[in-house]
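What the coordinates show
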Amino acid sequence: PPPPPPPPPPPPPTRAPPRPPPPPGPAAAASTHARSLFSSLLGVRTSTSPAAYAAFASRLALSRRFSSVPIDRSRIRNVAIVAHVDHGKTTLVDKILNEVGESDSTDRVMDSNALEQERGITILAKATSIKYKDYHINIVDTPGHGDFGGEVERIMGMVDGVVLIVDANEGVMAQTKFVLSKALRKGHPALVVLNKMDREVEEAQVDDALTQIFDLFIALDASDDQLDYGTLFASARDGWAVTQETFESKSERVGMEALLDAIVERVPAPTTDDPSEPFKMLVSTIDHEPHLGRVVTGRVSAGTARPGDQLHALDRDGTVLEKASVVKVIARQGTQTISLDEGASGNIVGLAGFTVPSVTHTICSTSIDVPIPADPIDPPVLAMT
């Protein structure tokens, strides 16, 4: 008889269905969102340049951290750093950014222009901001060379006080007088910082520099309130600024906390109109962003601007130069450019979306037809005809 057929093979073992992947956590979701947004902005595939995605995700997180926090106007401080050329303005700003953890660089991060880096001097006034304790401090770094004095004049309407830096070895110089005169004329209080105290400076030199500074305030017709300026002793290179008591007592000299505390105490909050009023802003500086184009920057005098708002630009005589929609509201936070949900009264912000307006022009709501008065710039000392 034929052999019996072989037994049928055993059925395959049943496998449990695969478990669904766990929902992405906040970090993974933020990374995915950043990757998608980065791809849409630059038109690249999601498989290229992981380092670029990581850097962009970091910037996106920084932007979200600061853009969603409303700023109390009473907690804003707008201050300019002014001095004669090579007295240590930009180095001091570097150390302030180091102090609050916004930068770890020591190589004049505010001098971002190629010509500035080549020449080693500040040419354009540039604004950044920091968070210190419960305060939002806008800092404007200014040029000290006489050829770029117009940059200093334009930003005086953007700030509410100045930090005047004087080299302890050189004392008062030509641009020291110029920048201080512009600040006092606007009614701004000044905070004096005697810099480069890490060098071997004789006590007589220090006393002479302090006398020169006081005499300069008197010669420029400073008011009684302006004559009550504070004085700090500092070494921007070594990263410390201390009060006179600390300096004379030979105590430890470290950090910029004394300078930041003095700015908070002596520079007043901006006295601008209510954020509920129609929007107004005087353009003080012009910048350019690769993906946004022209960015007009100034202090908001009234109202609030948000992305999508319809605004127009006015010339000094009230002529409408351009009507446009706000593409983005941005600001500098340390060394980063961040996006803001809104630019409110008293804060220094940049608006993207305009192509025509320049400095001294007014960006405002379409219901406003009177521009903000702009201070004229001093005429040149020498003119060729």
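A brief report on the enclosed structure follows. (Residues numbered from 1 in each chain as written. Predicted model: local features only at pLDDT ≥ 70, side-chain atom pairs only at ≥ 80, totals over all residues. Heavy atoms only, no water.)

Take the pattern of salt bridges next. For the structure shown, the criterion picks out 7 salt bridges. One salt bridge in this structure joins Asp261 and Lys133, with 3.1 Å as the shortest N-O distance. In this pair, Asp261 is assigned in helix 10 (residues 257-266) and Lys133 in the loop between strand 2 (126-132) and strand 3 (135-141), connecting sequence segments 128 residues apart. With relative accessibility at 58%, the residue Lys133 sits in the exposed group. With a closest N to O distance of 3.7 Å, Asp238 and Arg237 form a salt bridge. Residue Asp238 is classed as partly exposed on the basis of its relative accessible area of 45%. Classification of Arg237 by relative accessible area gives exposed; the value is 59%. The structure contains a network of salt bridges with shared partners spanning Asp198, Arg237 and Asp238. (Salt bridge = Lys/Arg side-chain N within 4 Å of Asp/Glu carboxyl O. Helix = DSSP H or I, 4+ residues; strand = E, 2+ residues; numbered from the N terminus. Buried < 20%, exposed > 50% of the residue type's maximum accessible area, 1.4 Å probe, protein only.)

Ordered in space as 2-3-1-4-5-6-7, the 7 strands form an open sheet in which the pairing is mixed. Across the chains shown, the open sheet's two edge strands, defined by having one partner strand only, are strand 2 and strand 7 (240-243). The mean angle between the axes of side-by-side strands here comes to 30°, regardless of whether they run parallel or antiparallel. Pairing analysis gives 6 bridges linking strand 4 (residues 161-167) to strand 5 (residues 190-195), with the strands arranged parallel. Counterpart to Val166 in the pairing with strand 5 is Leu194. In this fold helix 6 (residues 174-185) packs onto strand 1 (76-83), strand 4 and strand 5, with an angle of close to 165° to the strand it touches most, strand 4. Packed on one face of the sheet, helix 7 (residues 203-219) meets strand 4, strand 5 and strand 6 (230-235) and runs near 155° to strand 5. (Pairing = 2+ DSSP bridges. Axes fitted to C-alpha atoms, helices over the stretch in contact; angles between N-to-C directions. Contact = heavy atoms within 4.5 Å.)

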